[in-house]
Amino acid sequence: MSAPKTSPGNFFEDFHLGQQIRHATPRTVTVGDVALYNGLFGPRFAVQSSDAFAKSIGYPRSPIDDLLVFHVVFGKTVPDVSLNAVANLGYADFRFLKPVYPDTTLNAVSEVIGLRENSNKKTGIVYVRSRGFDETGDAVIDYARWVMVQKRDQAAPAPQEKVPELPKSVDTAQLGSACPKIAAAYDNVLAGSPHRLADYKVGEKIDHVDGITVEEAEHQIATRLYQNTARIHFNLFAESKGRFGRRLIYGGHAISLARALSFNGLTNAFHIAAINGGRHVAPLFAGDTVFAWSEVLASADLPDRKDVGALRVRTIATKDRPCADFPLKSGDDYDPAVILDLDYWVLIPR
Amino acid sequence: MSAPKTSPGNFFEDFHLGQQIRHATPRTVTVGDVALYNGLFGPRFAVQSSDAFAKSIGYPRSPIDDLLVFHVVFGKTVPDVSLNAVANLGYADFRFLKPVYPDTTLNAVSEVIGLRENSNKKTGIVYVRSRGFDETGDAVIDYARWVMVQKRDQAAPAPQEKVPELPKSVDTAQLGSACPKIAAAYDNVLAGSPHRLADYKVGEKIDHVDGITVEEAEHQIATRLYQNTARIHFNLFAESKGRFGRRLIYGGHAISLARALSFNGLTNAFHIAAINGGRHVAPLFAGDTVFAWSEVLASADLPDRKDVGALRVRTIATKDRPCADFPLKSGDDYDPAVILDLDYWVLIPR
Amino acid sequence: MSAPKTSPGNFFEDFHLGQQIRHATPRTVTVGDVALYNGLFGPRFAVQSSDAFAKSIGYPRSPIDDLLVFHVVFGKTVPDVSLNAVANLGYADFRFLKPVYPDTTLNAVSEVIGLRENSNKKTGIVYVRSRGFDETGDAVIDYARWVMVQKRDQAAPAPQEKVPELPKSVDTAQLGSACPKIAAAYDNVLAGSPHRLADYKVGEKIDHVDGITVEEAEHQIATRLYQNTARIHFNLFAESKGRFGRRLIYGGHAISLARALSFNGLTNAFHIAAINGGRHVAPLFAGDTVFAWSEVLASADLPDRKDVGALRVRTIATKDRPCADFPLKSGDDYDPAVILDLDYWVLIPR
């Protein structure tokens, strides 16, 4: 017989510390992808929306939305890293390194930086550092992620355990690289708000007010656009018999919705510079309406940057639950409506 | 406390006569947006569909569909003009001024040209003239619109009443500006029909035959593509408790569907030059099937134009009601199936 | 009265042998269309996905997916050939002749090559040869297709019967024209698989494993993108009273889904060179989950080509039926889950 032609994905015992994985399917991201992303999420940040606005402040043209870059790079890692994942556990030390413009070809490489078998011997946690590169070889995104992956064979020996040390937050010295110097011409009215860095106070909470209902077709189109092949998102026949009885919305979809909603309140926070940590608290399904609110955790200068500063923001997304009263915890646990808890740095003009 | 960061939109008493509003979020429209518009509505007018066809008759390339330009400009006005609107009442003196090509950045400015409080003191009517501009500062679209807007405070004093005089129809001298001189090479077969200006008779009625069913995902993708933020279109959680019990389809969606349907019968009417008036007669919801028919109201020469003439057309769109018998009125009222009554000028080769 | 302005489409008696039909609505295909196609189907073949990958092996940039070219050309033929079709019966001698790149304008011409009235005198079979051309006049696709078309008038006399002779399969000498010479730099890791031509054995069967559920909105967006106007795909109002009680998914949608699924197992088969024959075995509806498997029917050298060879593949698509056991027949008939039976040539690096 011939060798099997389909890949079953990697199981826990297929990973080893230091392993380098070059992921398949480089992807050229075009204005077509940008348009589809806009139709699917409705972001309104002027820098990404208008070439003329972007040029007026120092970009050569509108950069691609940071999260679209992320989703495309993340999508490449799925067939090798998380096809047999039980859960996507977290992100850390997640940095956007270089602006990405239409017609850039993205590809991705991951390194296994940690492994820990779970005590049930059925699963283990795999820590990877993934990097996205453009066609010139420059890194454009760099992040650590950990996922719980099934073992193929429960009897397989446990690997040497290593849990990597990851920073609780990205250092402010690392935040500026994907943002050129912003000209004073930045126009508050065109951008949609007068609120600059100094207008946000640490501890301030912002209800992003609006809600967006998720449709199955939207989610499938988005997730396929990133060439993300995780089966739980596309196969109703299998999932109708599965854990949730229906297709699960890709976690990144919730991040993009929360980011788009956050425009109403964080209007001038035009660039996600880094993600300190993120957790998909509960699953999201088609028909759910997503709301979001944010808290300003910190406000920071950037070294040698007088044009922009950074806000550390925690954004909470909920489903079927408006956020006027900032829902978060219910006793020790999350409020059952919370689906996403994201801690990240945004850049905003001074 | 910090200043509130989210905008509640303007209420009736926030408007004053002569007020100028520069709207937020300039938007570069690309071939990506054009493709998505094509997928969402399926227009088949050859000038907009084919760069080669457009060049053969004198355009530098295919212009962007007139209605996509409209929707993008309209979308910009929503956060300032109609976020607290109860109803979108009408359009008048609506002119397309210049062809718009991919990679143009659109932005929008509105002026308040009329105000009238309603006798119930809960709402008032705001008349605005909105203009869309390209990045060179040229106006590409100019229209008057009036909306019924909620008052924040019923006790607020009524403004000085002014109802602007608006023309019943756009003068034919104003129709040619967004259409270059069309070469005789215009190919009827490639365009899909032999019928030119002279083939249409005043009073002629045309059933556009086909029906298109609207899906929630299509409508949300379209409306977000225009960065239209009207809440009633996206938030099932809120709308399930609201007036209709479900999300309302953006009125402009019905206009675009009617225009796409009208290709079957008005095949060579490749450019909407002006809209004399329009009324969203009844709400449209996902699952409804849209049909349309048209009546030719007038046929006109354009000054100094031997290449094209104008047809004044009234297009009626219905839901779940084929139009072979041209449904319009039921007694003094509209037939309950009618959703749109649009009076506009199209250009068509002689 | 004026002449009718809407086209009822051609009925069986409107066709005659040797008739040439220039189809309407030339269409410029852009990176926007490519992005939407990617979002709708999720293909991952590296040559079409990455300009950088395509350049590394000898293309000037990524060519447009073969099936997107097909769907656009096919869409043009619908208003003239199959608006009154009862069934789309088959394809043969279907060849891709030239790579098509973004910004190409496609148009289509068909010739009637066969006619046969059915014994019931209500319908007849029309055989056409359709060709798609780019704006330079070069043919990019050429195929025979036959459809069962309604008669307008049962009493109309039968035409002279002619059933064209069509090859059972496309000759291997004709397979290379749309594929430039592929450089040795073709990178298996980036492409996603080490399996080249010699790794596939005749008779080998491959389960493509994954399943994709079809949504109504996805299908409508796709089918409108191709300007395919077949009414059964869009009009729920009419179809709810029709044969299936709901909208039918365009047969080409199933072909594109099967092709995208086939990546998992035929990863390096980057180009469809020809289709020997195809049959839509059963209708597909929204909500169904599509699976696919393939059998290698033949492996062939191409004349004067040391870079690539050809695999003749038969791909079977099913609905709501995983393909681990390669479902095909149930007695003399197809397994009731089978929806598509496609016999085609793909090119794959040696």
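Residues numbered from 1 in each chain as written. Chains lettered and ligands numbered in written order. Predicted model: local features only at pLDDT ≥ 70, side-chain atom pairs only at ≥ 80, totals over all residues.

Engineer: Please explain the overall build of chain A as it appears in this structure.
Structural biologist: In terms of helices and strands, chain A carries eight helices and 14 strands. Computed over its C-alpha atoms, the radius of gyration of chain A comes to 20 Å, within 12% of the 20 Å expected for a compact globule of 350 residues. Projected onto its principal axes, the C-alpha positions of chain A cover 65 × 45 × 35 Å. By the burial criterion, 59% of the 350 residues in chain A qualify as buried. Long-range contacts, defined here as pairs at least 24 residues apart, represent 79% of the contacts in chain A between residues at least 6 apart. (Helix = DSSP H or I, 4+ residues; strand = E, 2+ residues; numbered from the N terminus. Rg over C-alpha atoms; globule rule 2.2 N^0.38 Å. Buried ≥ 20, exposed ≤ 12 C-beta atoms within 10 Å, placed from the backbone. Contact = placed C-beta atoms within 7 Å.)

Engineer: Explain the domain arrangement of chain A here, please?
Structural biologist: By convention, interface size is frequently given as the accessible area that disappears when the constituent parts associate. All names here are of chain A. Domain annotation for chain A reports domain 1 (8–153) and domain 2 (188–214 + 249–350). Using C-alpha coordinates to define each centre, domain 1 is positioned 20 Å away from domain 2. With 19 residues of domain 1 at the contact, the number on the domain 2 side is 21 residues. Mapped by element, the contributors of at least two residues to the side of domain 1 that touches domain 2 are α2 (46–49), α4 (66–82) and β3 (85–96). The element best represented in the side of domain 1 that touches domain 2 is β3, accounting for seven residues. Considered class by class, the residues forming the side of domain 1 that touches domain 2 number 12 nonpolar, four polar and three charged. (Domains from an automatic or database assignment. Nonpolar A, V, L, I, M, F, W, Y, C, P; charged D, E, K, R; others polar.)

Engineer: Honestly, the relation of the copies chain C and chain B in this entry has me stumped. Any pointers?
Structural biologist: Note that the two copies of the chain are related through a rotation about an axis and a translation along the same axis. Take chain C, turn it by 120°, move it 0.0 Å along the axis, and it overlays chain B with an RMSD of 0.0 Å. In short, the pair behaves as if placed about a three-fold rotation axis. Closest approach to the rotation axis among the C-alpha atoms of chain C is made by Gly32(C), whose C-alpha sits 2.2 Å away. Comparing interface residues between copies, only 18% of those in chain C also lie at the interface in chain B; the contact surfaces differ. (Least-squares fit on C-alpha atoms with pLDDT ≥ 70 in both.)

Engineer: Sorry if this is basic, but what is going on with the relation of the copies chain A and chain B here?
Structural biologist: In the superposition of chain A on chain B (RMSD 0.0 Å, axial shift 0.0 Å), the rotation amounts to 120°. Interface residue correspondence from chain A to chain B reaches only 14%, placing this contact among heterologous pairings that use different surfaces.

Engineer: Teacher, can you tell me more about the pairing of strand β10 (residues 289–302) of chain A here?
Structural biologist: Regular strands place their side chains on alternate faces of the sheet. All names here are of chain A. Note: strand β7 (residues 205–207) against β10, three bridges, orientation antiparallel. Its bridge partner lying in β10, aspartate 207 is registered against tryptophan 293. Both strand β8 (residues 212–213) and β10 contribute to a ladder of two bridges, which runs antiparallel. Each bridged residue has a counterpart across the sheet, and for isoleucine 212 the counterpart in β10 is valine 290. Connecting β10 to the next strand, strand β11 (residues 305–319), in antiparallel fashion are two residues, including aspartate 304 with a positive phi near 60°. (Pairing = 2+ DSSP bridges.)

Engineer: Would you mind going over the packing of helix α1 (residues 31–41) of chain B against helix α6 (residues 216–225) of chain C with me for this structure?
Structural biologist: Helix packing for two helices is described by the angle between their axes and how far apart those axes are. Where α1(B) contacts α6(C), the axes come no closer than 6 Å and their chain directions differ by 110°. Classified by the interaxial angle, the pair formed by α1(B) and α6(C) is roughly perpendicular. Handedness of the crossing formed by α1(B) with α6(C): right-handed. The residues of α6(C) that touch α1(B), namely those facing Asn38(B), Gly39(B), Leu40(B) and Phe41(B), are Ile221(C), Arg224(C) and Leu225(C). Considered class by class, the residues forming the contact of α1(B) with α6(C) number four nonpolar, two polar and one charged. (Axes fitted to C-alpha atoms, helices over the stretch in contact; angles between N-to-C directions. Parallel < 35°, antiparallel > 145°, perpendicular 65-115°, else oblique. Left-handed = near helix turned anticlockwise from the far one by under 90°.)

Engineer: In this structure, what is going on with the environment of Ser256(A)? I would like to understand it.
Structural biologist: Position of Ser256(A) among the secondary structure elements: in helix α8 (residues 251–261). Separated by 69 residues in sequence, Ser256(A) and Asp187(A) place their C-alpha atoms 25 Å apart.

Engineer: In this structure, what is going on with the interface of chain A and chain B? I would like to understand it.
Structural biologist: Taken residue by residue, the interface counts 43 residues in chain A and 33 residues in chain B. Breaking the side of chain A that touches chain B down by element, the ones donating at least two residues are α1 (31–41), α2, α3 (51–57), α5 (188–191), β7, β8 and α6 (216–225) of chain A. At nine residues, α1(A) tops the list of elements feeding residues into the side of chain A that touches chain B.

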